[in-house]
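Chain residues, written in single-letter form:
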Amino acid sequence: MLLQAQGLAPGSARRQAACGVAREANNVRVVTAPALSPGRGGVFGRPILPPARVVSVELEAPTLSTSPATVSTKKLFCEPSGQPASAAYGPALTGRPAPLGASIDADTGAINFSVFSSSAESVSLVLFTEADLNAGRATFEIPLDPYVNRTGDVWHIMLPGLRDDLLYGYRVEGLHQDADKDYPGMRHDNRRVVLDPYAVAVLNRRRWGQMGPNLPYGEEGVLGVMPTWPQAAAALPAARGAAFDWEGDTPLNLPMESLVIYEAHVRGFTAHASSGVAAPGTYAGMIERLDYLKSLGVNAIELLPVFEFNELEYYSQIPGSEEYRFNFWGYSTVNYFSPMGRFSAAVGQGAPARASCDEFKQLVKECHRRGIEVILDVVFNHTAEGNERGPTISFRGLDNRVYYMLAPGGEYYNYSGCGNTLNCNQPVVRQFILDCLKHWVTEYHVDGFRFDLASILTRAHSAWHPQQYDQETGQRVAMTSGGAIVTAEGIMTDGAGVPTGYPLSDPPLVESISEDPVLRNTKMIAEAWDCDGLNQVGAFPHYGGRWSEWNGKFRDVVRNFIKGTDGPWAGDFASAICGSPNIYANNTPHETDWWANNGGRQWKGGRGPHASINFVAAHDGFTLADMVAYNTKHNEANGENNRDGEQHNNSWNCGEEGPTPKWEVNRLRQRQMRNLTGALLLSCGVPMINMGDEYGHSKAGNNNTYCHDSELNYLRWDQVAEDPHGFNRFVRLLIHFRRATPALQRTTFVNDRDIQWHGELPNVPDWTDTSRLVAFTLHDGRGGGLYVAFNTSHQPKLLQLPKWGGRVWQPLMDTSKVAPYDFLAVDGVLSAEDVAAARRQMAMWTADHTYPVLPWSCIVLQSTPEDPSSTAMIKRAAQRAAAGGGGGPAGPANPMTWATNFISGQPPTPGNTGRGGAGGGPSSYGGAYGTAQTAYGSNGNGASGNVIGSYGSAATATTSSSAAARAASAAVAGSSRSGSAPRVSPAPAPPAHSNVAPRASPVASPAAAPAAPAKGAGSNRSNWRAMLEAQPAAAAAAGMSSMASADSDNEGMSAAERAALELAMRENEALRKRLGL
């Protein structure tokens, strides 16, 4: 180990003289300190030197040039500083104070090291080989001369010829409040080697979950804290000529309003074995699966933290389990400039630590090739060092008073809920954060940042007086309040009289980020609240709209309305659909909004819908599937007796808590998942989808899976491929539809010309607290548009549609229908013929400007130019049916009874009025249902009660009599027979907080005992793909018969009209037979 001897000359005789002159001129006298306890002395017995003096060095006058650009400071920073050479590097040079971190000097090719510490008494540069790092010992230790290797509060040194496989850190000596009671907030510890905050790559363990070496931690000379916190060190910068080849890549700069964001975790994305990638859980593994995201339609990924963190931070066995706690999400940063090393496949295979940099750059480049932006979730509110009981890793050992928000006694403010709070608006910390953001934009081409607990960025920092020294003795002078800048009442302040932690109306950090020219096109997203109750949603300091916000109010409103809760939710839901103008356009704050009525008043209103990042689920909280399956959280697996996690989830389990075999509950859950997704993707603003929600990932009711490195947090690629309920297809098509619909991608809020609100009648909305219906038309500016309706009642609705001259409404989406008919699009599953046939079946309604909507369902209709001949045919058919005695191919006179059964697949309720008014039609629907059991099974798998298809019955596949639909009907006929009488469970009860009555339970006739199940139909689950893949020959089993159409009404029709009418009649006749009508 190279140590600096006590008598080592600090530099040339001339520089020593210059230093002496400078000291004498400033009346500074160097004194030798008495023997001190560990942690207080200078380096190896060197005297304590006042840290507050900037020493100028007398230099030879530089040779001048007519071009100012040729004037160099090389002589100032590249002179020998006195530390001798070793086998790993040449004689040390003075070094430069900027840039901070380790960098390659352009003049000499040497490595320059520069680190900030205003309170250090001495600093040593520590170098490691990887072998020595793993052994917990330093390889070289080079003390920095405080008069030569220091400029202001920046310590620096330059090493030429340095081996590039070495790693580095710093040993910092100074005061510690436990031993020096008069200096609260000081926490230097010379037993630790701390990380450079500006390190570009970090190494301590190579593979995720790998334990550190088993060393006698705590003994003198052994570095590191424990096997889960082994010594870490920083990598040196890459040599010249080793630059990453971006191949012309630049940030995409997609418009904010055009984004569909996918929140993802790097490891969780491919860690499951079904991902099939070569390096699961890594940046490289994610690259292999990026085409999935492109096909899904998302054009931005928001990555959970990828800055260096310690996944073993919480490592301990979970009580009552064989599993161990991990810091899986990564919201506990160790180093801000470094990509997470154990997400790198290359580093795991033995490559240098900085290989993680290139691997992450490759991920960004591949995302950009697919039109996908990369947004990083960043945590500038706290660090992994925690409170006073946490480890000293970096910031605490360098300058605790500067980097952390402290009280006068040195206690840590805890606005983050994680033990400490980063002192964000302190000038040095502010510059550090700004440098970090620019580093990720310039070096990694990232497109944006999402700031975790961003309200902390607006809080006033804590400030301390600079240490004063006696000019005669050079000793520290005791200061009032230990140097803390406090009010007369003893309250810590920012040095300008503002109490520490108070929210600033014009926070310097947020302003600097907003106005920085390098970050001009970078997307900024704030999670505009923190753990102390400060909520700035709608009034986060946005500096001309530079910031968007996670809209937690959107989440709460949508969840409450979709589950059918009493309250102001219908009106609030309508506002959420519009992009939340009540939050982002309205400049009059609610009386309960403390921030917007005080410091945030100037930031309230004046923004567009793209300020709202809409979401209904995120990484923390219930997944989409759990939101409709659990009323309460079930976090027992976390080992904290279910005390952790959010208590208020605004969820509804649809009648049963957790997994259930009841088909009607599972059917409703699938419908509600579609409704929530529809609300998200049909709203103005910027939608964000949580990883796994696109296929219905469940975490078994656990809403706080931060500590699980398991399938709870892994994307299940096998479930994506299987897609048994067609939900992944539904989400994919809806995303692509949104991206193809400019009316949903707005920079300004809608007005009365763009949108009209409806109820069961056009232009008659219901905004009362008991309203369960929100419907609207959204114009596209070209004569067309959309009709969207959400029915969150337990009752079906027959809606009258607005009449737009020369246009007709065509069904696009209906969440009550079985996949693939929940979304009518030609996509390889449905053909153009399938889509056209499904729309013809509903033409009897749309031609008359009506549409039936089932309970807890959403519809989307598209306005298309009217075909007068088709409309006339449908109307003539309806008139003929009415004249024929109350029933016919157009359906019964009581449309809601017929439509409810037609769309839902539920058996008709006995006692319903028959066709043609009271007393008309069949005497009992029960018998008819029994004869149609093969098409309308009560559950998907006989006595097992498991759901089949989307909603427990594939009955609505018969809405089309195309080849695909006929095959689906035949498949259902073969898979829904049971050896026992059909069982129909009561419909699920409405939420407990709702004032509506439960639906009447449909009853099946005991005469409907079906035959034994067909061979191969007894599997646990039949899915919609199986139906569509059934043999075409099965269509004969559907009992299709042609219908004569040679009546007098056909006279005068063209051949094409006659053929179209005959096709529609055949389809309706087949449907009537299946319904027993």
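Chains are numbered independently. Their residues run from 1 in the order of the written sequence. Side-chain atom pairs in this predicted model are given and counted only at pLDDT of 80 or more, local residue features only at pLDDT of at least 70, and totals for whole chains, interfaces and linings cover all residues. Derived side-chain values reflect all non-hydrogen atoms in the structure, with water molecules and hydrogen atoms excluded from consideration.

As named in an unreviewed UniProt entry, the chain is isoamylase, taken from Chlamydomonas incerta. Under the heading Subcellular location (unreviewed entry), UniProt records this for the chain: "Plastid, Chloroplast". UniProt positions are given in the numbering used here, feature names are shortened, and annotations may be inferred rather than shown by experiment.

### Description of the pattern of salt bridges
A pairing counts as a salt bridge when a side-chain nitrogen of Lys or Arg comes within 4 Å of a carboxyl oxygen of Asp or Glu. Counted according to the given criterion, the structure contains 41 salt bridges. Of the charged contacts in the structure, one is a salt bridge between Glu366 and Arg369, with a shortest N-O distance of 2.7 Å. Of this pair, Glu366 and Arg369 both sit in helix α8 (residues 355-369), 3 residues apart, roughly one helical turn. Judged by its relative accessible area of 10%, Glu366 falls in the buried class. Of the charged contacts in the structure, one is a salt bridge between Asp754 and Arg746, with a shortest N-O distance of 3.2 Å. The buried label applies to any residue whose accessible area, calculated with a 1.4 Å probe on protein chains only, is under 20% of its type's maximum; exposed applies above 50%, and partly exposed to all values in between. Among the residues examined, Asp754 registers a relative accessible area of 17% and is labelled buried. By relative accessible area, Arg746 is classed as buried at 15%. Connected via shared salt-bridge partners are Glu247, Asp291, Lys365, Glu366, Arg369 and Arg370. Only runs of H or I of at least four residues qualify as helices and only runs of E of at least two qualify as strands under DSSP, and these elements are numbered from the N terminus.

### Examining the confidence of the model for the chain
Summarising the model, the chain shows a mean pLDDT of 81, and 73% of its residues fall at 70 or more. The pLDDT value tells you how sure the predictor is about a given residue, anywhere from 0 up to 100. Contact definition: two residues touch when any of their heavy atoms are within 4.5 Å. Low confidence marks residues 1-72, where pLDDT is under 50. Its contacts with residues over four positions away, or in another chain, come to 112 contacts. Confidence drops under pLDDT 50 across residues 1031-1051; counting only partners more than four residues distant or on other chains, this segment forms 28 contacts.

### Observations regarding the packing of aromatic side chains
Ring pairs shown here join Phe, Tyr and Trp side chains whose ring centres sit within 6.5 Å, with only the six-membered ring taken for Trp; geometry is labelled stacked below 30 degrees between planes, edge-to-face above 60, and tilted in between. Throughout the structure, instances matching the rule amount to 55 aromatic pairs. Geometrically, the ring pair formed by Phe737 and Phe823 is edge-to-face, given 6.4 Å between the ring centres and 65 degrees between the ring planes. Placement of the pair is Phe737 in helix α18 (residues 727-739) and Phe823 in the loop between β25 (807-814) and α19 (832-846), with a sequence separation of 86 residues. For the pair shown, Phe737 and Phe823 are each scored as buried. The side chain of Arg459 reaches across the aromatic face of Tyr415, ending 3.9 Å from its centre. The positively charged end of Arg476 is found above the aromatic ring belonging to Tyr183, 5.9 Å away from the centroid. A ring has a charge above it when a Lys NZ or an Arg CZ is no more than 6 Å from the ring centre and no more than 35 degrees off the ring normal.

### Concerning the packing of helix α12 (residues 552-562) against helix α16 (residues 663-681)
Axis definition: a line fitted to C-alpha atoms, over the contacting stretch in the case of helices. Angles run 0 to 180 degrees between N-to-C directions. Remark: α12 packs on α16, axes separated minimally by 10 Å, with the N-to-C direction vectors making an angle of 140 degrees. By the angle class used here, α12 and α16 are oblique. In this structure, the crossing between α12 and α16 has a hand that is right-handed. Note on element contacts: α16 touches α12 through Gln672, Asn675, Leu676, Ala679 and Leu680, opposite Phe554, Val558, Arg559 and Ile562. Any angle that is under 35 degrees is reported as roughly parallel, and any over 145 degrees as roughly antiparallel; angles of 65 to 115 degrees are reported as roughly perpendicular and all others as oblique. When the near helix sits turned anticlockwise from the far one by under a right angle, the crossing is termed left-handed; a clockwise turn instead gives a right-handed crossing.

### A short note on the sheet that holds strand β16 (residues 448-451)
Pairing between two strands is assigned when DSSP locates at least 2 bridges connecting them. The strand order around the closed barrel built from 8 strands is β11-β12-β15-β16-β17-β18-β19-β20, with neighbouring strands paired in parallel fashion. Adjacent strand axes in the sheet meet at a mean angle of 30 degrees when their direction is disregarded. Two elements, strand β12 (residues 300-303) and strand β15 (residues 373-378), share 4 bridges in a ladder whose sense is parallel. For Ala300, the partnering residue across the bridge sits in β15 and is Glu373. With respect to the sheet, α16 is in contact with β19 (612-614) and β20 (686-690), its orientation differing from that of β20 by roughly 145 degrees.

### Quick word on the environment of Val402
Relative to the helices and strands, Val402 resides in helix α9 (residues 395-403). Note on Val402: relative accessible area 9%, which makes it buried. Spatially, the C-alpha atom of Val402 lies 6.9 Å from that of Asn423, the residues being 21 residues apart in sequence. If sequence neighbours within four positions are ignored, Val402 has contacts with Phe116, Ser118, Asn423, Gln426, Val428 and Val429.

### Overview of empty space enclosed by the protein
Points on a 1 Å grid, built from protein atoms alone, make a cavity when a 1.4 Å probe fits but cannot get out and make a pocket when they are open with protein on both sides within 12 Å along at least 5 of 7 lines; residues with an atom within 4 Å of a point are the lining residues. Grid points are joined across faces, edges and corners, and a volume is the space filled by probe spheres set on the points. By the definition in use, this model includes 12 cavities of 30 Å³ or more. Empty space within the largest cavity amounts to approximately 180 Å³. Forming the boundary of the largest cavity are 20 residues, of which Trp229, Pro230, Gln231, Ala232 and Ile393 lie nearest the centre. Volume-wise, the second largest cavity comes out at about 160 Å³. Taken together, 18 residues make up the lining of the second largest cavity; nearest its centre are His619, Asn690, Met691, Lys699 and Asn713. Following the grouping adopted for this structure description, the nonpolar residues are Ala, Val, Leu, Ile, Met, Phe, Trp, Tyr, Cys and Pro, the charged ones are Asp, Glu, Lys and Arg, and the polar ones are all others, Gly among them. Grouping the constituent residues of the lining of the second largest cavity by class yields 9 nonpolar, 7 polar and 2 charged.

### Brief notes about the nonpolar core
Working definition of a nonpolar core: buried Ala, Val, Leu, Ile, Met, Phe, Trp, Tyr and Cys residues. They are joined through side-chain atoms within 4.5 Å. Counting 222 residues, the largest nonpolar core has Phe113, Tyr262, Leu303, Phe360, Leu376, Phe380 and Phe451 as its most contacted members. Considering every element that reaches this core, the biggest residue donor is helix α10 (residues 427-444), with 9 residues. Note that domain bounds follow an automatic or database assignment of domains. Of the residues that make up this core, three or more belong to each of domain 1 (80-235) and domain 3 (626-869). Every residue in contact with Phe113, bar those within four places of it in the chain, is listed here: Arg96, Gly101, Ala102, Leu125, Trp155, His156, Ile157, Leu159, Leu162, Tyr168, Tyr170 and Leu236.

### Examining the layout of surface pockets
Empty space within the largest pocket amounts to approximately 1300 Å³. If you go around the largest pocket, you meet 47 residues; those closest to its centre are Trp329, Cys531, His619, Asp620 and Asn704. The dominant element in the lining of the largest pocket, judged by the number of residues it contributes, is α12, at 3 residues. Residues of the lining of the largest pocket, tallied by class, amount to 16 nonpolar, 18 polar and 13 charged.

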